[in-house]
Amino acid sequence: MAFLFVLVISFVTLRPPQGWSRRQVFVFSSISYIADVLLAALASAAPAADFSLSALLMGMLFIRAIPLTPIHLWPLALPILFWPLALLNHAASITWSPETFVAPLLLSGIGVGLAIWYRQAVIDREILRRDLQWLETQHAQQQERMHQVTNRLARELLVLRGLREGARAISGQIAFGKQLDMIARNAALSLGDATVFIALPVSAEEVRIRATSGHIESGALATLEYLAQESIRTMTPIRKPATMSLGGPFVCLPLTTADVPIGVIGALGNETRLGFSEEEIERLSAFADQAALAITQSRLYEELREANTDKEQRLRQLEAIYEAAKAAVSVLESGELMQRLLQQMVNAIQADAAAVFMYDKNDGDLRRAPEAAIGPLPPFPSMSEPMWIRALKTQEPVLVLRSEEGTHPGDQVAQAWGMATYMVIPLVGRQESLGVLYVARREHAAFTPQDRQLAESLASFAATALENVDLYRRLHAQWKQLRGIVQNIGDGLIVIDLEGRILLTNPTIHTVLELDEAAFEGRTLQEIPQLRGLHTLVTNVLTTLDRDPHMGRVTVSYGPHRPKRIFEAVVNLMTDENDQPTGVVATLRDITAKHELEEMKSNFVSVISHELRTPLHSISGFIKVILDGKAGPINDLQRDFLETVRDQTQHLYRLIEDLLEFNRLESGQIQLHLEPIAVNTLLSETLEIFRPEAEQRSIELKLATARGLGLLEGDRGRLRQVLSNLISNALKFTPSGGTVELGAKDEGKSILIWVRDTGIGIPPEEQKRIFDRFYQVDSSLTREHRGAGLGLAIAKHIVTQHGGEIWVESEEQKGSTFFVRLPREVPKSEPVLDFASLTSPKKKQRDA
């Protein structure tokens, strides 16, 4: 019973103190419960105990375990384990029956059910209590947050309303100053107890407050403007606490656009305010962006307005310049031209009067241009009037604004003219001053730089137009004179453009070709049968763009039963002042009679040459017989005379042979016989022919050629004739003790051959003509070697027909060098020698 009493006491008295944690309560309850279980086990094991007491103790343990189940379920296991232990302890004294087993099981089930129900009820209540406590806490927090959000939304609403109102003001037609005032007022409403201002720079070193949301004391105004200037200079925000000069906290933010400072927005708090929060500065920054936008838009609007004004003014100027230019190129009468130009100037710069005075170089005075005035005429400027003298001397416009005192040098003209301001603009041509232009206004307002620029441009047009009118008059007179010359020239004239189309002809060519003027218009030479021969010459000039005259003969056929006529054509390339080709001009001269005369001369030379050869042959034969002594003995004097006659007869015979050769070549009857020629062999063989003559004259012959010059296509006989002619001439004009050199070198597709001597040389003025037919250098040193003057002409034609070229380089008393360049292959298009005409170095002639 004592153990039972202790158990009951512990069950009732052992309670955990309030304020313990869940872990502390669990540990205390577990220890006390284990102690109760041990006491119940001892009580059940006492000798006086019976099974009824054990059942009672088990029920008490269930009751004891029920409060512990919300914390843990393990206390329920001890009462259930207690029951089998009690059965084992009282097994000897128990009367076994079904109730013995059912009653404890029923009691255990009731205890477990009660424990589980209690556990659930306690846990749900605890959860409900905690949830209720959490909801109360959340409610309080949400109320606080709602209060804060409401306050923030109210401030944000003020900011949004201010920004919206400012945006409407910026996008509307509200003045710039009112826009800034509205932005400052709305910013102040969003901040509360603060004054907001906007300051803008008026110069590089000065800032002025342009808008405020309230009154700022004069003492603080200078400080605020200084701080605003520092913020603009450093492009950084400035924050200041309350000071004596300001009275409250201060903050200002720079306004920038494209990283360029354009102003500041600032806030000055009341004396009760400690400072500005980051959120307030952020709201002020939003209004700073809006202020920057308003300032930028205002500046853009001003620039756009100025640009529109400038554009309209420039449009008027361009229209005036266009009309002036149109008049300058379309009007050829000076009076009408100046009247139109002055009218454009008066309209463009909004002047009231204008007049032109021309400068007379003879007496140094001005003369009013006829019909060159708009509005009232100014007084005639005297020679001493300084304004036009200064304008002409400096070639710059002179502006005169009439003074009230009348002391300005130009006041006399302005007062007499009835104008308040005028401008004197010099008319400067390409080379000299032409006069001055007076432009005036009645209003006392100076001309703007744009007005001056436009007036100068129109004055330049006027000067140029006057010069062009004068130039047109002179050119027209020259054109009439030139037209008269072209119309009356004796030769036929044809002008052709670069495309080969006929631009101009004269009446002579119409008469010569028996065609009217319309037959030439817009046509090419190839489209006119009579001029197809001229087409070759013109095409050659247009292709090569050679500046030298090209000459040739053109044969014109008039029909099957009419004789042909031969014309000498001269084609020259036309160029402009920049030496750029513009076309060609061709003249045709009728040389039919001259051609017939040349044919008669050729026939006469041929007949005479053949007739002279027979008696010369007889004379040469008889002289040889006499010199050989077959006609009897002769003395030394007779032999000397006979040898002289023989030499002269041989010389005359060579002249006749040259004339016959040239006559054959000129008639085009000789053809080239082309074959491969070894160059080294040709040169050495030709040189050896002249070896005896050179030794007789004590002249050294030299061969300067490289080995392996290869083959050359050509006529062996004709090429040897060219080299023989050049070597023979070199020997003739080289004194004893001199040197004659024959050389050659390989140039790839051609062979360069030269004949160099140390003779008397050729004067520079003679070098240009030595290849002309019948031309000989006239000097005392050459008279003893006179010939027909055909050798070099024949050599040039032979070289030309081989597709090569020949020229000379010479210096008097130092010798001459003749060069011959021959292609390795003769052009197939020119296999025939044609000596119908011989060329000169400066003129290229060709039969067409």
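Preceding block: the structure.
Predicted model, so just to flag it, every value in this text is computed and none were measured.

(A) Spatial organisation of the sheet that holds strand S3 (residues 238-240). The five strands are arranged S2-S1-S5-S4-S3 in an open sheet whose pairing can be described as antiparallel. The sheet terminates laterally at strand S2 (206-212) and S3, the two strands that pair on one side only. Geometrically, the sheet is characterised by an average inter-axis angle of 25° between neighbouring strands, direction not taken into account. Strand direction decides the pairing type here: strand S1 (residues 194-203) and strand S5 (residues 260-269), joined by six bridges, are antiparallel. Of the residues in S5, the one forming a bridge with Val196 is Ala267. Together, S1, S2 and S5 form the strand contacts of helix H6 (residues 176-191), whose direction differs from that of S1 by roughly 145°. Strands in contact with helix H7 (residues 218-234) are S1, S2, S3, strand S4 (250-257) and S5; relative to S2, the strand with the most contacts, it is inclined by about 115°.

(B) The arrangement of the nonpolar core in detail. By size, the foremost hydrophobic cluster in this structure holds 38 residues, and its most contacted members are Leu726, Leu731, Ile753 and Phe818. Of all the secondary-structure elements, those providing two or more residues to this core are helix H17 (679-689), helix H19 (716-732), strand S19 (739-746), strand S20 (750-757), helix H21 (791-801), strand S21 (805-811) and strand S22 (815-823). At seven residues, the largest contribution of residues to this core is made by H19. If sequence neighbours within four positions are ignored, Leu731 has contacts with Phe690, Glu693, Ala694, Arg697, Ile699, Leu701 and Val740. In terms of nonpolar packing, the next biggest core, distinct from the first, is built from 30 residues, Val356, Leu434, Ala462 and Val469 among them.

(C) Looking closely at the pairing of S21. Only one face of S21 is covered, namely the one carrying Ile806, Val808 and Ser810; the face carrying Glu805, Trp807, Glu809 and Glu811 has none of its residues buried. Examined bridge by bridge, S21 and S22 share seven bridges and lie antiparallel to one another. Along S22, the bridge assignment pairs Glu809 with Thr817. Here S21 hands over to S22 after three residues, with Gln813 in that stretch at a positive phi of 65°.

(D) Molecular detail of the sheet that holds S19. Pairing within the open sheet is mixed, and its five strands lie in the order S17-S19-S20-S22-S21. The sheet is open, and its two borders are formed by strand S17 (700-705) and S21, each paired with just one other strand. Taking each pair of neighbouring strands and ignoring which way they run, the sheet shows an average axis angle of 15°. Looking at chain direction, S17 and S19 are connected through six bridges and run parallel. Within S19, the residue paired with Leu703 across the bridge is Leu742. Strands S17, S19 and S20 of the sheet are contacted by H17, whose axis makes an angle of about 180° with S17. Strands in contact with H19 are S17, S19, S20, S21 and S22; relative to S20, the strand with the most contacts, it is inclined by about 25°.

(E) Spatial organisation of the packing of aromatic side chains. The tally for this structure, following the rule as stated, stands at seven aromatic pairs. For the ring pair Phe357 and Tyr438, a centre distance of 5.5 Å and an interplane angle of 75° mean the geometry is edge-to-face. Placement of the pair is Phe357 in strand S6 (residues 353-360) and Tyr438 in strand S10 (residues 433-441), with a sequence separation of 81 residues. Comparing Phe357 with Tyr438 shows no difference in burial state: the two are buried. Judged by centre distance (6.2 Å) and plane angle (55°), the ring pair of Trp417 and Tyr422 falls under tilted. Overall, the relative accessible area of 5% leaves Trp417 in the buried class. Taken together, the aromatic side chains of Phe357, Trp417, Tyr422 and Tyr438 make up a single cluster linked through ring pairs.

(F) Summary view of H7. With 17 residues, H7 ought to run about 24 Å at 1.5 Å a step, and its terminal C-alpha atoms sit 25 Å apart, in line with that. Along H7, the residues that are buried comprise Ala220, Leu224, Glu225, Leu227, Ala228, Ser231 and Ile232. Taken down its axis, H7 places every buried residue within 165° of arc, on the same side. Those residues of H7 that are exposed and angled more than 90 degrees off the buried face are Gly219, Ala222 and Arg233. In the segment just after H7, Met235 is the residue with positive phi, at about 55°.

(G) Up close: empty space enclosed by the protein. The final tally for this structure, using the stated rule, is one cavity of 30 Å³ or more. For the largest cavity, the calculated volume is near 50 Å³. Every residue lining the largest cavity is listed: Leu682, Leu719, Val722, Leu723, Ile753, Val799, Val820 and Leu822. Mapped onto the lining of the largest cavity, the elements with two or more residues apiece are H19 and S22. It is H19 that provides the largest number of residues to the lining of the largest cavity, a total of three residues. Tallied by class, residues from the lining of the largest cavity come to eight nonpolar, no polar and no charged.

(H) Region of interest: the environment of Phe176. Position of Phe176 among the secondary structure elements: in helix H6. Along the primary structure Phe176 and Gln297 are separated by 121 residues, whereas in three dimensions their C-alpha atoms are 9.3 Å apart. Excluding residues that lie within four positions of it along the chain, Phe176 makes contacts with Leu200, Arg210, Ala294, Ile295 and Ser298.

Thresholds, definitions, all that
- Residues numbered from 1 in each chain as written.
- Predicted model: local features only at pLDDT ≥ 70, side-chain atom pairs only at ≥ 80, totals over all residues.
- Heavy atoms only, no water.
- Pairing = 2+ DSSP bridges.
- Helix = DSSP H or I, 4+ residues; strand = E, 2+ residues; numbered from the N terminus.
- Axes fitted to C-alpha atoms, helices over the stretch in contact; angles between N-to-C directions.
- Contact = heavy atoms within 4.5 Å.
- Core = buried A, V, L, I, M, F, W, Y, C linked by side-chain atoms within 4.5 Å.
- Buried < 20%, exposed > 50% of the residue type's maximum accessible area, 1.4 Å probe, protein only.
- Phe/Tyr/Trp six-rings, centres within 6.5 Å; stacked < 30°, edge-to-face > 60°.
- Expected span 1.5 Å × (residues − 1).
- Arc of directions from axis to C-beta.
- 1 Å grid on protein atoms, 1.4 Å probe; cavity = no way out; pocket = protein on both sides within 12 Å on 5 of 7 lines; lining within 4 Å.
- Points joined across faces, edges and corners; volume = space filled by probe spheres on them.
- Nonpolar A, V, L, I, M, F, W, Y, C, P; charged D, E, K, R; others polar.

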